[in-house]
There are 2 protein chains.
Amino acid sequence: MNTLKVALLGCGNVGSQVARILLDDGQDLARRSGARLELAGIAVRNVDAPRDVELPRELFTEDAEALVKDADVVIELMGGMEPARSLILRAVEHGASVVTGNKALLAADGPALYEMAAAADVELYFEAAVAGAIPILRPISESLAGDRITRVLGIVNGTTNYILDQMDTTGADFADALKAAQALGYAEADPTADIEGLDAAAKGTLLASLAFHTVFPLDAVRCQGITSITAADIEAARDTGFVIKLLAIAEKQTAKDGTAGVSVRVHPTLLPRTHPLAAVHGAFNAVFVEAENAGQLMFYGQGAGGRPTASAVVGDVVAAARRIVSGGRGRTETTGEQLQVLGEDSILTSYYIGLDVADQPGVLAKIAHVFADHGVSIEVMRQTMHTEDLPGIADGSAAAELRIITHRGTEASLAATVEAIKDLDVVNSVTSVLRVEGV
Amino acid sequence: MNTLKVALLGCGNVGSQVARILLDDGQDLARRSGARLELAGIAVRNVDAPRDVELPRELFTEDAEALVKDADVVIELMGGMEPARSLILRAVEHGASVVTGNKALLAADGPALYEMAAAADVELYFEAAVAGAIPILRPISESLAGDRITRVLGIVNGTTNYILDQMDTTGADFADALKAAQALGYAEADPTADIEGLDAAAKGTLLASLAFHTVFPLDAVRCQGITSITAADIEAARDTGFVIKLLAIAEKQTAKDGTAGVSVRVHPTLLPRTHPLAAVHGAFNAVFVEAENAGQLMFYGQGAGGRPTASAVVGDVVAAARRIVSGGRGRTETTGEQLQVLGEDSILTSYYIGLDVADQPGVLAKIAHVFADHGVSIEVMRQTMHTEDLPGIADGSAAAELRIITHRGTEASLAATVEAIKDLDVVNSVTSVLRVEGV
């Protein structure tokens, strides 16, 4: 049995777990790989820094370049753009296969890296970069290679799913749920990237590139976070049989000019409680895939964390080793289909709209008229009377709460409808506007 | 670009959809495979039989042997043992890769087929044989190759899931839900294989062989169907926050003598409503996997049906083509770990027990005493008073309903506990005994 040298770049939360698995489970990994996997070294910025996992001191080095030069498989878990990018290119030049979990680098520079790897006849693996431990790369690019994916809906950010799930199960408001998430280490001190949907947007573009073989620029993602979601929104959703989830949605659609295109958007979304994604609780992630022949599929698991992500990384290392052992040319991800990137005008979605309206004859007709004028059709309209809990209605006139779910329409027409409704004199306020999927 | 000849054996529900995809989506498949996939012919018993899908008549042949002899990839969708087995062996001898969806053949003869394929340096693909369209083979054997799977819980029979879901959502009893399933084509006229759990048992052994690299004989599966599940069971489960699902459970455990072993069992199971498997509705399937590092994963989708299953078959055809194009030695499934097959004595599970008991002082103590005597500890015990709805308690003495969930124990000790409880004079009847997972 041959021995393959494995170089590990980075030894944080995930890297230290990868090192532990490579050192502890050598026998199993050798049997599955067809080669012994020797951890040749671990490149870090400071060999003396404290580590969570106890690892042999002699493995550590600050000379990443030298480590890479000698390796058969290079695992890049440093994160960020440089020196990660240069070291990956160096590895590829030396004919090593590369395993990376570097979302940011792939989102920014994936296609160039794929091409480089293909030209050098080595493989680039990145299962860990998309939804942590959830196997999604192979199912999409191999199992579904005989099908056509039409849509991907992902709960790909554990922090926001934890917050929304807390709000749903305990009735907490956003600020308290965020504090709970921070106390448990699910949210960072500066939670902006998570709660504003930016992390989900980056993962959405990676999912789009896998599912549709199309590079999607991060700045073309329409992105809305969860900071404006209130306890009242959550409660209204529950009353109506829905749950609110932050989804990254990558969708293949036919644009107005008839050509196929792809859109990616991130926003809080109402989902029916019977939808499989509605059962994704806590900090778990899930990716829901719709394909022409396979129909609906879902992949569920932990999207982050040292050990789960390390499982995905080591799976890729075994795959790389098997490929080296079995020979044959490598296969890389393609962006060969490069579908048109669709903007807001082409996105079809349906809206949930919550309104406080005056309870007087003709209100429903006036509102329905506005929808009709904008070419938006109404799927469900429900009215609830309430007088006591509305401030400012002290003159004795009754108010009512109106909840409307529309059929699918363009973002532009839906947004224009909401603006026009705000101007109606019978409308006290628009209390909530959320997008709806899965109905 | 090379052309690869694809032979299709069988043209039923799945086969006809496979043929349609190969004929209609040739351009996409060629781009993804790196070779043109030419459907060389379709072997059937009777070329004149009517088909669901319109296909060119000249493709049909009754001479399967001749078709196989010339093919690069052979798709076997005839089902059953012979001539499927002989034709697969003929294909392997001729150096063709084989794609099959034949559960029965793989359960009976998988290891011999894997060895044969390995010896001939060709590959055998069978994603469609396990849970239909759900990608499970690659996630388990590739994505999780760097991890250790400890347990697999599968909803792998759509018929029984549909029936139990109907009972749960409509309050129907078993007989009515079965009729509804038959009316919709989800259950066959003779539903025995589904409702007695035999189909789930066969799939459970396939999952065990994938997850634990161990051949598991079908007759060692402990198997119980859903025919005895009543509307009252379902209602009691709902009251307690549970749902009843028919699960195939493949588990790695340490046997009493300290060696690692595997057990496979199929039975109706109480699951907490918050468990991801509880959200699998209708005829959908899902496979829930627990691994040491990855933690909990779930794969959800359609477990049957022509188009979904065809998606899995064509995915395998593309994989086979890619391997032929890229060169390199094939890789086959191994059963190399061959863990010990564990029997009932080694299976640990927890029980839900429903009892009708006399409502008099000391009843709980007597019952708790029986549990203690058998070394079974109680997790939850809940008592509900009811007098009016119990026949035979006309003497004015009150009766109560007692619901007990135990901690995990061996099947033998749990079963002995139930027997001993039946003999207590304070126990009117044992109304329900169900196993519990996911708590």
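Counting restarts for each chain, with residues numbered from 1 along the sequence as it is written. Written order determines the labels here, with chains lettered from A and ligands numbered from 1. Only residues with pLDDT of 70 or above have their local features reported here, since the model is predicted, and side-chain atom pairs are shown and tallied only from 80 upward, although totals for entire chains, interfaces and linings are computed over all residues. Only heavy atoms go into the side-chain values, all of them from the structure, while hydrogens and water stay out.

Chemist: How would you sum up the overall build of chain A? Please name residues and give values.
Modeler: If you tally the helices and strands in chain A, you get 14 helices and 18 strands. On the principal axes, the C-alpha backbone points of chain A span a range of 85 × 50 × 35 Å. The cut-offs for exposure are 20% and 50% of the maximum accessible area for each residue type, with area from a 1.4 Å probe on protein chains only; residues under the lower value are buried, those over the upper are exposed, and the others partly exposed. Looking at chain A as a whole, 58% of its 439 residues qualify as buried. For chain A, contacts bridging at least 24 residues in sequence account for 74% of all contacts bridging at least 6. Per-residue and other accessible areas were derived by the Shrake-Rupley procedure at a 1.4 Å probe size, with only the shown protein chains allowed to occlude residues. Counting only carbon and sulfur atoms, one obtains 49% of the accessible surface of chain A, whose full area is about 16,700 Å². Side-chain charges of chain A comprise 35 positive and 58 negative groups, with the mean position of each set lying 6 Å from the other. Secondary structure is summarised from DSSP: a helix means a run of H or I of at least four residues, a strand means a run of E of at least two, and numbering begins at the N terminus for each. In this analysis, two residues are considered to be in contact whenever any of their non-hydrogen atoms come within 4.5 Å of each other. We count Lys and Arg on the positive side and Asp and Glu on the negative side, and we leave His and both chain ends out. Working definition for charges: the position is that of NZ of Lys, CZ of Arg, CG of Asp or CD of Glu.

Chemist: Please give an account of the packing of helix α13 (residues 363–373) of chain B against helix α14 (residues 411–422) of chain B that cites residues and values.
Modeler: All names here are of chain B. Packing of α13 against α14 brings their axes to within 9 Å, and their N-to-C directions diverge by 150°. As far as their axial angle goes, α14 and α13 are roughly antiparallel. Classified by chirality, the crossing of α14 by α13 is right-handed. Across the interface between the two elements, Ile 367, Val 370 and Phe 371 of α13 pack against Thr 417, Ala 420 and Ile 421 of α14. Ten residue types, Ala, Val, Leu, Ile, Met, Phe, Trp, Tyr, Cys and Pro, are classed as nonpolar, four, Asp, Glu, Lys and Arg, as charged, and the remainder, Gly among them, as polar. A class-by-class count of the residues in the contact of α13 with α14 yields 5 nonpolar, 1 polar and no charged. Angles run from 0 to 180 degrees between N-to-C directions of axes, and those axes are lines fitted to C-alpha atoms, restricted for helices to the stretch in contact. Put simply, angles under 35 degrees are roughly parallel, angles over 145 are roughly antiparallel, angles from 65 to 115 are roughly perpendicular, and the rest are oblique. Here a crossing is called left-handed whenever its near helix is offset anticlockwise from the far helix by less than a right angle, and right-handed whenever the offset is clockwise.

Chemist: Tell me what's going on with the relation of the copies chain B and chain A, and back it up with residues and numbers.
Modeler: Each of the two chain copies goes to the other by way of a rotation about an axis and a shift along it. After a rotation of 180° and a shift along the axis of 0.0 Å, chain B superposes on chain A with an RMSD of 0.0 Å. Within this description, the copies of the chain are treated as partners about a two-fold rotation axis. Copies overlap after least-squares fitting; the atoms used are the C-alpha atoms of residues with pLDDT of at least 70 in both.

Chemist: I'd like a rundown of the sheet that holds strand β1 (residues 3–9) of chain A, residues and numbers included.
Modeler: All names here are of chain A. If you trace the 6 strands from one edge of the open sheet to the other, you get β3-β2-β1-β4-β5-β6, paired in parallel fashion. Whereas interior strands pair on both sides, the edge strands pair on one side only; in this sheet they are β3 (60–61) and β6 (124–125). Any two strands are treated as partners once DSSP identifies two or more bridges connecting them. Looking at chain direction, β1 and strand β2 (residues 36–43) are connected through 7 bridges and run parallel. When the bridges of β2 are listed, Thr 3 appears paired with Arg 36. Each of β1, β2 and β4 (73–76) is contacted by helix α1 (residues 13–24), which is oriented at about 150° to β2, the strand it contacts most.

Chemist: Kindly report on the interface of chain B and chain A, identifying the contributing residues and their values.
Modeler: Each partner contributes to the interface: chain B provides 53 residues, whereas chain A provides 53 residues. Of all residues in chain B, B:Arg32, B:Asn293 and B:Tyr300 give up the largest surface area on contact with chain A, accounting jointly for 14% of the area buried on that side. Any carboxyl oxygen of Asp or Glu within 4 Å of a side-chain nitrogen of Lys or Arg constitutes a salt bridge here. Counting across the interface, chain B meets chain A through 6 salt bridges. The closest approach of N and O atoms between B:Arg148 and A:Asp25, which form a salt bridge, is 2.9 Å. Polar contacts, as counted here, are pairs of nitrogen or oxygen atoms within 3.5 Å of one another; within protein the pair requires one atom able to donate a hydrogen and one able to accept it, and residues that are adjacent in sequence qualify only if both atoms are side-chain atoms. For the pair chain B and chain A, the number of links is 23 residue pairs in polar contact (both at pLDDT 80 or more). Counting residues per element, the side of chain B that touches chain A draws most heavily on helix α12 (residues 306–326) of chain B, which supplies 10 residues. Using a 1.4 Å probe, buried area is obtained as the accessible area two parts lose upon being combined, added over both of them.

Chemist: Which residues make up the domain arrangement of chain A, and what values go with them?
Modeler: All names here are of chain A. Domain extents, as shown, originate in an automatic or database domain assignment. In terms of domain boundaries, chain A breaks down into domain 1 (3–132 + 306–326), domain 2 (137–302) and domain 3 (347–436). Each of domain 1 and domain 2 has a C-alpha centre, and these two points are 28 Å apart. Listed as interface residues are 16 residues of domain 1 and, on the opposing side, 13 residues of domain 2. Across the domain 1/domain 2 interface, buried area totals approximately 1,200 Å², and carbon plus sulfur atoms make up 69% of it.

Chemist: Give me the pairing of strand β14 (residues 348–358) of chain A: which residues, what numbers.
Modeler: All names here are of chain A. By the criterion of burial, β14 is predominantly enclosed, with 10 of the 11 residues buried. Here 2 bridges tie β14 to strand β17 (residues 409–410), and the two strands are oriented antiparallel to one another. By the bridge assignment, Leu 348 is partnered in β17 with Thr 410. Bridge count between β14 and strand β18 (residues 427–436): 8 bridges; the pairing is antiparallel. The residue bridging Ile 353 from the neighbouring strand is Val 433, located in β18. Relative to strand β16 (residues 399–406), β14 runs antiparallel, the two being bridged by 7 bridges. Residue Ile 353 lies in a different strand from β16, and its bridge partner there is Ile 404.

Chemist: For helix α5 (residues 103–120) of chain A, give the residues involved together with the corresponding values.
Modeler: Residues and elements named next belong to chain A. What a helix should span is 1.5 Å times the count of its residues minus one. Over its 18 residues, α5 extends only 22 Å from the first C-alpha to the last, a length that falls short of the 26 Å expected when each residue adds 1.5 Å. One axis is fitted to the seven residues ending at the residue and one to the seven starting there. The bend at that residue is the angle between these axes. The largest bend in α5 amounts to roughly 85° and is located at Asp 109, with the proline Pro 111 lying one to four residues further along. Restricting attention to buried positions, one finds in α5 the residues Leu 105, Leu 106, Asp 109, Gly 110, Leu 113, Tyr 114 and Ala 117. Of the residues trailing α5, Asp 121 is marked for its positive phi of about 65°.

Chemist: Which residues make up unusual backbone geometry, and what values go with them?
Modeler: Residue and element names in this part refer to chain A. In this model, Glu 82 is joined to Pro 83 through a cis peptide bond whose omega is 5°. You can see Pro 83 is positioned in the loop between β4 and α4 (84–93). Within the chain, His 213 stands out as a residue other than glycine whose phi angle is a positive 50°. As for its position among the elements, His 213 is in the loop between α10 (198–212) and β8 (222–223).

Chemist: Pulling in residues and values, what's your account of the packing of aromatic side chains?
Modeler: For Phe, Tyr and Trp, where Trp contributes only its six-membered ring, two rings pair if their centres lie within 6.5 Å, and the inter-plane angle classes them as stacked under 30 degrees, edge-to-face over 60, or tilted in between. With the rule as written, the count across this model stands at 7 aromatic pairs over all chains. Ring geometry for A:Tyr114 against A:Phe126: centres 5.7 Å apart, planes inclined by 15°, an arrangement best described as stacked. Placement of A:Tyr114 in helix α5 and of A:Phe126 in the loop between β6 and α6 (137–143) is noted, with a sequence separation of 12 residues between them. Judged by relative accessible area, A:Tyr114 falls into the buried class, the value being 7%. With a centroid separation of 4.9 Å and an interplanar angle of 5°, the aromatic rings of B:Phe284 and B:Tyr300 are classed as stacked. A residue pair is termed long-range when its members are at least 10 positions apart, and B:Phe284 in strand β11 (residues 284–291) and B:Tyr300 in strand β12 (residues 295–302) qualify at 16 residues. On the basis of relative accessibility, which here comes to 4%, the residue B:Tyr300 falls in the buried class.

Chemist: For the environment of A:Leu434, give the residues involved together with the corresponding values.
Modeler: Residues and elements named next belong to chain A. Take Leu 434: it is sitting in strand β18. What makes Leu 434 buried here is its relative accessible area of 3%. For the pair Leu 434 and Lys 245, spaced 189 residues apart in sequence, the C-alpha to C-alpha distance is 11 Å. Beyond its immediate sequence surroundings of up to four residues, Leu 434 is in contact with Ile 229, Ile 244, Pro 268, Leu 270, Ser 350, Tyr 351 and Tyr 352.

Chemist: Tell me about the nonpolar core, and please be specific about residues and values.
Modeler: Formed by 162 residues in total, the largest nonpolar core has its most connected members in A:Ile149, A:Ile163, B:Ile149 and B:Ile163. In this structure, A:Ile163 is in contact with A:Phe174, A:Ala177, A:Leu178, A:Ala181, A:Ile195 and A:Ile226, ignoring residues within four places of it in sequence. Put simply, a nonpolar core is a bunch of buried Ala, Val, Leu, Ile, Met, Phe, Trp, Tyr and Cys residues held in one set by side-chain atoms that sit within 4.5 Å of each other.

Chemist: Can you lay out α14(B) for me, pointing to particular residues and giving the numbers?
Modeler: All names here are of chain B. An ideal rise of 1.5 Å per residue puts 16 Å on 12 residues; α14 measures up with 17 Å between its terminal C-alpha atoms. For α14, the set of buried residues is Glu 411, Ser 413, Leu 414, Thr 417, Val 418 and Ile 421. Turning to α14, the residues buried within the fold contact β8 (222–223), β14 (348–358), α13, β16 (399–406), β17 (409–410) and β18 (427–436).

Chemist: Residue-level account of the sheet that holds strand β5 (residues 97–100) of chain B, with values.
Modeler: A sheet is described by the order of its strands in space; here 6 strands give the open sequence β3-β2-β1-β4-β5-β6 (chain B), paired in parallel fashion. Because the sheet does not close on itself, it has two edges, and the strands there are β3 (60–61) and β6 (124–125) of chain B.

Chemist: Give a description of the side chain of A:His275 that names residues and reports values.
Modeler: Residue and element names in this part refer to chain A. Mapped onto the elements of the fold, His 275 is located in the loop between β10 (260–272) and β11 (284–291). On the basis of relative accessible area, His 275 is assigned to the buried category, the value being 8%. Of the polar contacts made by the side chain of His 275, one reaches the backbone nitrogen of Leu 277; its length is 3.0 Å.

Chemist: Give a detailed account of the pattern of salt bridges, specifying residues and quantitative values.
Modeler: Where side chains of opposite charge bring their charged atoms close, a pairing between them can arise. Tallying each qualifying case throughout the model produces 60 salt bridges over all chains. Across the pair A:Glu251 and A:Arg151 runs a salt bridge, and its minimum N-O distance is 3.5 Å. Of the two residues, A:Glu251 is situated in strand β9 (residues 242–254) and A:Arg151 in strand β7 (residues 149–155); the sequence distance between them amounts to 100 residues. Side by side, A:Glu251 and A:Arg151 carry an identical accessibility label, which is buried. Among the ionic pairs, B:Glu123 bridges to B:Arg323, the shortest N-O distance being 2.8 Å.

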